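# Structural characterization, general
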Amino acid sequence: MVAAMDTDSSDLFGALFAAPAVTRVVPVLVPLPVPVPYSYAVPEGMHVVPGSIVQVPVGPRQVIGVVWDGENDGKLDPKKLRPITIAFDCPPLAKEMRDFVDWVAAYTLSPPGLVARMAIRAPAALEPEPMVEGLRYLGGQPERLTPARIKVLELAGEQDVPWTRSGLAHAANVSLSVIDGLTAQGIFDTVFLAPPPVVAKPDPDYVEPRLEGPQKDAAVEIVGSVKNGAFEASLIDGVTGSGKTEVYFEAVAEALRQGRQVLILLPEIALTPAFLERFESRFGAKPAEWHSDLSPRMREKVWRGVVTGEVRVVAGARSALFLPFEELGLIIVDEEHDPAYKQEDRVFYNARDMAVVRSRIGDFPIVLVSATPSVESQVNGLAGRYNIVHLPTRFGDAALPDLHLVDMRRHPPERGGFLSPLLLRGMKRAIEKGEQALLFLNRRGYAPLTLCRVCGHRFQCPQCSSWLVEHRFKSQIQCHQCGYHQPTPEACPECGTLDHLVACGPGVERIAEEVEKHFPEARTIVMSSDLLGGVKRMRLELEAIAKGEVDIVIGTQLVAKGHNFPLMTLVGIVDADLGLSNGDPRAAERTFQLLSQVTGRAGRTGLKSHGLIQTFQPLHPVMQAIVSGDSTAFYEREIAEREKAILPPFGRLASLIVSADTRAEAETHARGLRAAAPRVTGISVLGPAEAPLALVRGRHRFRLLVHGRRNSDMQAFLRAMVSQGPKPKSSVQIQLDVDPQSFL
DNA sequence: AGCACGCCGACT
DNA sequence: GTCGGCGTGCTC
């Protein structure tokens, strides 16, 4: 129609017999859980290429999608296709990024549209940043001069650079109307300025790095990898305090010199002001941040900066991996072993593994970093897939703490207590010297189990069957699994007896009580995620600890990371065995990692420091690895155990693992099983088992996941599936596993 | 993912 | 008699 109207009416013949304008049809990935792209018509005059970000209609609404690769299959009548609404003025997703999205979608068995959505999740960032209005001083005088006007003119005359309206008003300390008045008289004219950059450009040569000994060698090695530029995965394995960050900063510097962008992945919790400042003091500017509680405005700016290449370095949590960098040339994955890299909703992925894939597709190096590498990465290192770079000693004058096991069978605490005399003595000594002690217990609340002494009733969660944990500070009993909570009852709900409820086992609050009994004078603080006052209070408390305003810190998990406490010279692990016996196939590994991190908090600034580890199993490989400082034997054993058990590590879901020699075979059978699954409550999701474990045995694995509240239900469901599903071929193995409720 | 349609329980 | 629960199905 449009073509006919454009044609000169006298050329009727041409209008009637010219080949009809062919509507171009392109595939578009839409953010829906569908397995293929949808087809849309490209309106005349619109220009799109694969990777273009567009708005398209889906049913009654408009969604953001990405023009994808491939031809339309021709099954749909092009005339009936709906047209693309908007093609955004925004650089298209590069081919590498599209390949990455396809790969992740195929690997995680997720709808590609949902994976693509992770890359374009920055709502209003799709149009260029609006220009900023600026005022340029043209010279000349207004008709009447007032003191306010004189101040403005003086300032504006000083330099020949444009001012913003509000900036000038603020600088001259006058109101906006003064500026407007002068503008109206033609003293200023309006110009449009490019929006200011989100962050300053980091300078790779801002300071001369000071590296020593093994750090230098390590830096040379990974800088070489960056210079080479091709895909190579390195694993920096260095004890806490060995200066790993300084070493990988040199790789970052080299990538910057090569004109490439850099992504530093960190677990969310490690994205602290302290880290950003450390970066700034090396590069003269902060990296752009990317994490879940970024303001929408900032999110847009950073996203835009990343696609246009204005932002050179992003430090971000796992979702930063899907940012569409213009010329990414290096990824760092710090705290590589951290379980926070796993995403377990919608698209299931481990950002660490997908980061390796992204660098392989983009053909640039990647550096994984950890003091306590995951078993998978160790395996990959041993197999030669990763280049292991060791940093065996601490940096500068910081010495590793002197670690000792406290055999709780030989040094029992007094009745009703949990701290052995050895630990109490150590604490006393530290406090007397004006130093600090950290007691670590990975259990929030007062006591993990409450029961009635009269009838034996145990407080259990009505929603998910785990024990309710008493929280004395909040006067609540809580379920740590599903969040259920109620006020602490005074009477037993079973037998009605008053005041006969008894707390079993320790939580941090109970340890605090015990500490206050022994050290009534000491300034004691409990640090746990349910600390009243939120993140802000947490920051303040951490600062107070660093300044020495606290003598004894009692903390859960969250004291394990970040923040250096210069005066912390004693670390006591209250219950090192906690978490070893919960049946989690990763229990030993996690415990080793956690205990290493916690004990690593001590002795960061040269003061002689100690760690006392309370355990009932001093001969356990984890304890031996911790005190000896030699983890080789521990890792060897872990790898062997996993090979023997063929166990996958995963979180909070029941799963059925199907493994086979080829991917296709495993996938086919897994799909068959899913099809045969009884349609009961609980949704089954098909997903591959964790890659690195598949690498351990060279087999391909898939797993069927079942979400549920109670483990027993999920287990029953999976058993039913196995019995009703298709018979596996000889090379296909099926295992059933239910994740124990992890202590995390 | 959203959103509509559609069929069975407790209520202004 | 309705309001509303979420099971099922569809979107180029």
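- Per an unreviewed UniProt entry, the recorded name for chain A is Replication restart protein PriA, and the organism is Neorhizobium alkalisoli.
- In the Function (unreviewed entry) part of its UniProt record, chain A is described as follows: "Initiates the restart of stalled replication forks, which reloads the replicative helicase on sites other than the origin of replication. Recognizes and binds to abandoned replication forks and remodels them to uncover a helicase loading site. Promotes assembly of the primosome at these replication forks."
- If you open the UniProt record of chain A and go to Sequence similarities (unreviewed entry), you find "Belongs to the helicase family. PriA subfamily."

## Regarding the pairing of strand 16 (residues 366–370)
- With five of five residues buried, strand 16 is to be regarded as a mostly interior element.
- Sheet topology places strand 13 (residues 328–333) next to strand 16; three bridges connect them, and they run parallel. Among the inter-strand pairings, Val333 is bridged to a residue of strand 16, identified as Leu368.

## Comments concerning the protein's contact with DNA strand C
- If you check the shell around DNA strand C, you find Tyr38, Ser39, Tyr40, Pro57, Val58, Gly59, Leu76, Leu81 and Arg82 and nothing else.
- Restricting the count to atoms of DNA strand C within 4 Å of the protein gives a sugar and phosphate share of 50%.
- Interatomic distance of 2.6 Å between a backbone N/O atom of Ser39 and a base oxygen of DNA strand C.
- One of the backbone N or O atoms of Gly59 is found 3.0 Å from a sugar or linking oxygen in DNA strand C.
- Contributions of two or more residues to the surface near DNA strand C are made by strand 2 (38–42) and strand 3 (53–58).
- With three residues, the top contributor of residues to the surface near DNA strand C is strand 2.
- Each residue belonging to the surface near DNA strand C can be placed in one class, and the counts come to six nonpolar, two polar and one charged.

## Considering the sheet that holds strand 23 (residues 485–487)
- With antiparallel pairing, three strands are arranged side by side in an open sheet as 21-22-23. For this open sheet the edge positions go to strand 21 (469–471) and strand 23, each flanked by a neighbour on one side alone. The mean angle between the axes of side-by-side strands here comes to 25°, regardless of whether they run parallel or antiparallel.

## Description of the environment of Arg458
- Take Arg458: it is sitting in the loop between strand 20 (449–452) and strand 21.
- With relative accessibility at 40%, the residue Arg458 sits in the partly exposed group.
- Considered as a pair, Arg458 and Arg61 are 397 residues apart in the sequence and their alpha carbons are 51 Å apart.
- For Arg458, the contacting residues outside a window of four places in its chain are Leu449, Thr450, Leu451 and Trp467.

## Notes on the side chain of Thr245
- The topology assignment puts Thr245 in helix 9 (residues 244–257).
- Residues contacting Thr245, with those up to four places away along its chain left out, are Phe275 and Arg278.

## Focus on the sheet that holds strand 7 (residues 163–164)
- The three strands are arranged 7-6-8 in an open sheet whose pairing can be described as antiparallel. Of all the strands in the sheet, just strand 7 and strand 8 (188–193) have a single pairing partner and so form its edges.
- Relative to strand 6 (residues 132–137), helix 5 (residues 147–158) is tilted by about 95°, and along the sheet it contacts strand 6, strand 7 and strand 8.

## Side note on helix 9
- The first and last C-alpha atoms of helix 9 sit 20 Å apart over 14 residues, in line with the 20 Å expected at 1.5 Å per residue.
- Of all 14 residues in helix 9, twelve are buried, a share of seventy percent or more.
- All of the buried residues in helix 9 are Lys244, Thr245, Val247, Tyr248, Phe249, Glu250, Ala251, Val252, Ala253, Glu254, Ala255 and Leu256.
- Residue Gly259 follows helix 9 closely and has a positive phi angle near 75°.

## Re the domain arrangement of chain A
- If you check the domain split of chain A, you get domain 1 (24–120), domain 2 (132–193), domain 3 (213–395), domain 4 (398–443 + 508–641), domain 5 (444–505) and domain 6 (651–738).
- Taken together, the contacts link 19 residues of domain 3 with 21 residues of domain 4.
- A per-residue breakdown of the area domain 3 buries against domain 4 is headed by Thr372, Val375 and Arg394, which together make up 34% of the total.
- Put simply, domain 3 and domain 4 have one salt bridge between them.

Cut-off values and rules
Residues numbered from 1 in each chain as written. Chains lettered and ligands numbered in written order. Predicted model: local features only at pLDDT ≥ 70, side-chain atom pairs only at ≥ 80, totals over all residues. Heavy atoms only, no water. UniProt positions renumbered as here; feature names shortened; annotations may be inferred. Buried < 20%, exposed > 50% of the residue type's maximum accessible area, 1.4 Å probe, protein only. Helix = DSSP H or I, 4+ residues; strand = E, 2+ residues; numbered from the N terminus. Pairing = 2+ DSSP bridges. Near = heavy atom within 4 Å. Polar contact = N/O pair within 3.5 Å; in protein donor to acceptor, adjacent residues only side chain to side chain. Nonpolar A, V, L, I, M, F, W, Y, C, P; charged D, E, K, R; others polar. Axes fitted to C-alpha atoms, helices over the stretch in contact; angles between N-to-C directions. Contact = heavy atoms within 4.5 Å. Expected span 1.5 Å × (residues − 1). Domains from an automatic or database assignment. Buried area = accessible area lost by both parts, 1.4 Å probe. Salt bridge = Lys/Arg side-chain N within 4 Å of Asp/Glu carboxyl O.

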